[in-house]
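As a plain string of letters, each chain reads:
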2 protein chains.
Amino acid sequence: MARLVLKFGGTSVGDIARIRKVARLVKSQRDEGHEIAVVVSAMSGETNKLVAMAREMAAVPNLREYDAIISTGEQVTVGLLALALQEIGVAAQSFLGWQIPLRTDAQHSNAWIEEVAGEKLSALMQKGTVPVIAGFQGIGPDGSVTTLGRGGSDTTAVAVAAAVKADQCDIYTDVEGVFTTDPRIVETARKLDKISYEEMLELASQGAKVLQTRSVEIAMRYRVRVQVLSSFKSERGTFVVDEGEIMDAKNVSGLAYSKDDAKIQVVGIPHQTGAAAAIFGPLTEANINVDMIVQNVGDSGKANIAFTVPKVDMERSVKILRERQATIGFSDASSDPNVVKVSVVGLGMRNHAGVAQTMFQTLSAKGINIQVISTSEIKISVLIAAEYLELALRALHSAYGLDAEAKAAAA
Amino acid sequence: MARLVLKFGGTSVGDIARIRKVARLVKSQRDEGHEIAVVVSAMSGETNKLVAMAREMAAVPNLREYDAIISTGEQVTVGLLALALQEIGVAAQSFLGWQIPLRTDAQHSNAWIEEVAGEKLSALMQKGTVPVIAGFQGIGPDGSVTTLGRGGSDTTAVAVAAAVKADQCDIYTDVEGVFTTDPRIVETARKLDKISYEEMLELASQGAKVLQTRSVEIAMRYRVRVQVLSSFKSERGTFVVDEGEIMDAKNVSGLAYSKDDAKIQVVGIPHQTGAAAAIFGPLTEANINVDMIVQNVGDSGKANIAFTVPKVDMERSVKILRERQATIGFSDASSDPNVVKVSVVGLGMRNHAGVAQTMFQTLSAKGINIQVISTSEIKISVLIAAEYLELALRALHSAYGLDAEAKAAAA
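Because the structure is predicted, anything quoted here is derived from the model rather than measured.

**Points about the overall build of chain A**
Phase 1: The secondary structure content of chain A amounts to 14 helices and 20 strands.
Phase 2: Relative to the compact-globule value of 22 Å for 411 residues, chain A shows a C-alpha radius of gyration of 24 Å, a close match.
Phase 3: Dimensions of chain A along its principal axes, counting C-alpha atoms only, are 80 × 60 × 30 Å.
Phase 4: Across the 411 residues of chain A, 47% fall into the buried class.

**Quick notes on the sheet that holds strand β18 (residues 339-345) of chain A**
All names here are of chain A.
Phase 1: Here we have four strands laid out as an open sheet, ordered β13-β18-β20-β19, and antiparallel in their pairing. Whereas interior strands pair on both sides, the edge strands pair on one side only; in this sheet they are β13 (254-258) and β19 (372-376). Pairwise comparison of adjacent strand axes, ignoring direction, gives a mean angle of 20° for this sheet.
Phase 2: Relative to strand β20 (residues 379-385), β18 runs antiparallel, the two sharing seven bridges. Bridging across to β20, Val342 finds its partner in Val382.
Phase 3: The strands that helix α7 (residues 197-205) touches are β13, β18 and β20; relative to β18, the one it contacts most, it runs at about 175°.

**As for the interface of chain B and chain A**
Phase 1: Taken together, the 27 residues of chain B in the interface contact 27 residues of chain A.
Phase 2: Elements with a contribution of two residues or more to the side of chain B that touches chain A: α2 (46-57), α3 (63-70) and α4 (72-87) of chain B.
Phase 3: Considering each element in turn, the side of chain B that touches chain A owes the most residues, 11 residues, to α4 of chain B.

**What to know about the sheet that holds strand β17 (residues 332-336) of chain B**
Residues and elements named next belong to chain B.
Phase 1: Reading across from one edge, β15-β16-β14-β17 is the order of the four strands in this open sheet, with antiparallel pairing throughout. Sheet topology places β15 (293-297) and β17 at the edges, where each strand pairs with a single neighbour. Going across the sheet, the axis of each strand differs from the next one's by a mean of 15°, ignoring polarity.
Phase 2: Note that strand β14 (residues 261-269) and β17 share five bridges and pair antiparallel. Bridging across to β17, Ile264 finds its partner in Ser335.
Phase 3: Its contacts with the sheet place helix α10 (residues 314-323) against β14, β16 (303-310) and β17, and it is angled at close to 180° to β17.

**Digging into the nonpolar core**
Phase 1: Formed by 248 residues in total, the largest nonpolar core has its most connected members in Val38, Leu81 and Val160 of chain A together with Val38, Leu81 and Val160 of chain B.
Phase 2: Taken together, domain 1 (3-174) and domain 2 (246-411) of chain A each give at least three residues to this core, which thus spans both.
Phase 3: Once you skip the residues sitting within four places of it in the chain, Val38 of chain A turns out to touch Leu6, Phe8, Val26, Leu81, Val130, Val132 and Ile133 of chain A.

**Focus: the domain arrangement of chain A**
The accessible area lost on association of the parts is a frequent measure of interface size.
Phase 1: Domain annotation of chain A identifies domain 1 (3-174) and domain 2 (246-411).
Phase 2: Distance from the C-alpha centre of domain 1 of chain A to the C-alpha centre of domain 2 of chain A: 37 Å.

**Looking at the environment of Leu393 of chain B**
Residues and elements named next belong to chain B.
Phase 1: Within the secondary structure layout, Leu393 lies in helix α13 (residues 389-399).
Phase 2: For the pair formed by Leu393 and Gly207, sequence separation is 186 residues and the distance between their alpha carbons is 14 Å.
Phase 3: Leu393 has contacts with Thr181, Ile185, Val186, Leu255, Tyr257 and Val342, leaving out every residue within four places of it along the chain.

**Looking at the relation of the copies chain B and chain A**
Phase 1: Overlay of chain B on chain A (RMSD 0.0 Å): rotation 180°, translation along the axis 0.0 Å. As the rotation angle and translation indicate, the two copies are arranged about a two-fold axis. If distances are taken from each C-alpha of chain B to the rotation axis, the shortest is found for Thr72 of chain B, at 2.9 Å.
Phase 2: Interface overlap between copies is the fraction of interface residues in one copy that are interface residues in the other; for chain B against chain A it reaches 100%, indicating a shared surface.

Parameters at a glance
Residues numbered from 1 in each chain as written. Chains lettered and ligands numbered in written order. Predicted model: local features only at pLDDT ≥ 70, side-chain atom pairs only at ≥ 80, totals over all residues. Helix = DSSP H or I, 4+ residues; strand = E, 2+ residues; numbered from the N terminus. Rg over C-alpha atoms; globule rule 2.2 N^0.38 Å. Buried ≥ 20, exposed ≤ 12 C-beta atoms within 10 Å, placed from the backbone. Pairing = 2+ DSSP bridges. Axes fitted to C-alpha atoms, helices over the stretch in contact; angles between N-to-C directions. Contact = placed C-beta atoms within 7 Å. Core = buried A, V, L, I, M, F, W, Y, C linked by C-beta atoms within 7 Å. Domains from an automatic or database assignment. Least-squares fit on C-alpha atoms with pLDDT ≥ 70 in both.

This is how it looks when you write it as structure tokens:
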């Protein structure tokens, strides 16, 4: 017997028939003797409809009212799923964010969870009643409804799992688990059995869309075992766990990519103290998030700096720099949106040299130029021209032995 | 400057354009210097859609979950109206039942209001912010969402008006006010300027659908001045007020009718003590509400009893009686759904004889047979064959001088 939190996304609860299917799945888990709580999203399409109505009323809506409106989708789903469970003989009770309460900060439409009261939920679970919890929503410090941002229901599920000290949090979704890389691009991508919190966090923040970054952070902080699995196939998914559980840490566990960045290049900067500050200071003030940075000194003794910003901030960044061209004294600033960031992630990198070298050699052999590099303890990211994305992913996937293993497993 | 609570029904907030119109109306009232709170229903059709989904999931849904689902319609409207007000420069903040809080008993889907906290609302109104309050919903003793039943938003509005000590509660609706009778039947029906709580209560409970009975009860208990008026015409409506405000109490203020009752006739009852108890006891036990009753002794020395029950309970009532025919000893029990109850209501009845006599004579002159009669201090109701409804209403409307006054007013 285990204590489980199950989370179902919008597609899994998209209509009455699917909600009934989810109810049967919950019942089968409960009938195996588990204590269950469920977290659900709004029926697919509902939140978008509510967002459209709010934006029709006000192009830049007050976010307190916006949250009150867009949180109603989940309220409908929890009521319907509780009814569906009761219809098949499973005691169930719906919970809205404020009823738990799930307390957040005051950042409407992008709130952070501060505290989840687990007592009421635990007590119900213990006596066999299934709490059916509205994902994505909470209650702010002033008693208003808050929402957690895109993918917030994953975060709700993991935070609830931490609060009720669940043995596991199962995230049911429309993919079968976490893959070595995007299977739509690399045919030989395979589903991972296990991945560490740290790796999952790097993959999520580098563009793998299977779990929201914040949900992984909470899982890591509270050591919540998370399983990502398909609500349409009854197969084991991928477990996101403590690295101690991963015996044979691979050099590289997976590859991620992101098309959300653009490159800014500033050339001919006088090589003097404070030049970098003069460039990045105004961007920070304008709330523009600079990610990868490379600086080098050219033949002329002047420096060039290349860096990435979110694509949506590209034109604004160039404008800000050009306005300060005279002060900073650079000769030109240009931008390029046709870039993509490719990242290799793996715990084993810490102990194995040569991961970066393999990356550089593989890309070089395919004639792919690396424009910017950045690294962390368990991740190496490179910025390359967008047109090389698929070629780079496939070559790296082979070079790190990720698809070779898939063949071995199938043999 | 006055403190006002304005209530808008589902038709008045049926789409984005209409919500914008409501916002302009609220602004115009605020610009006149009034302190305003607004109560709104769900956009028309929304609650029915939610009810249909809940009933598709469970034919007899758990009412706690049912309430959680069907209360979301109002939540969307309050958010949208708050946004609409902000867009035209009016400070506004939405309130759900639990945020006020508006406390009710535990009777889900038909809850009674127990207490409305006026402090937060009053404080906002005082500083010029418009609270936009979700009608129809409250919070039960266990912290779950409750709903107040059909027309519950009227009740919310009046209860909020009492809680914030409003000078007036304006109920905007799709009719222009309270009429002497149904203008769809009697062309000469006219809008009343004022009507007392007691009269309104009798009219509402006798089938006039302009205000929910409970809302009138609360208005009467807390002496809330209520105005019923059209949200589509900018005209004075009907004021529902303390009878002290009504100087020239008419003998009869209005006529109401109800098609919701059926007649049950039990004949040949042994004239002995306890016969009435033997008949009505089992019906009361079965939760069937008996309304009008008439008993008479026939030539044979046996008694006949006729009474009314809600039409939906008619067949069940007859079945219950027939099962006990031997015990009670009556000779036959029959039922008739083709009846209608017509009521005349007026404060002046207390002091003026002849109101009943006028009714009986008028109906008799038209050849209409009165099957059952019941009276209260300010009301006389008669049960007649349904086919005479229009004829009876028109004749009584004239007989009590209700339409003659309308002509005088127009002259």
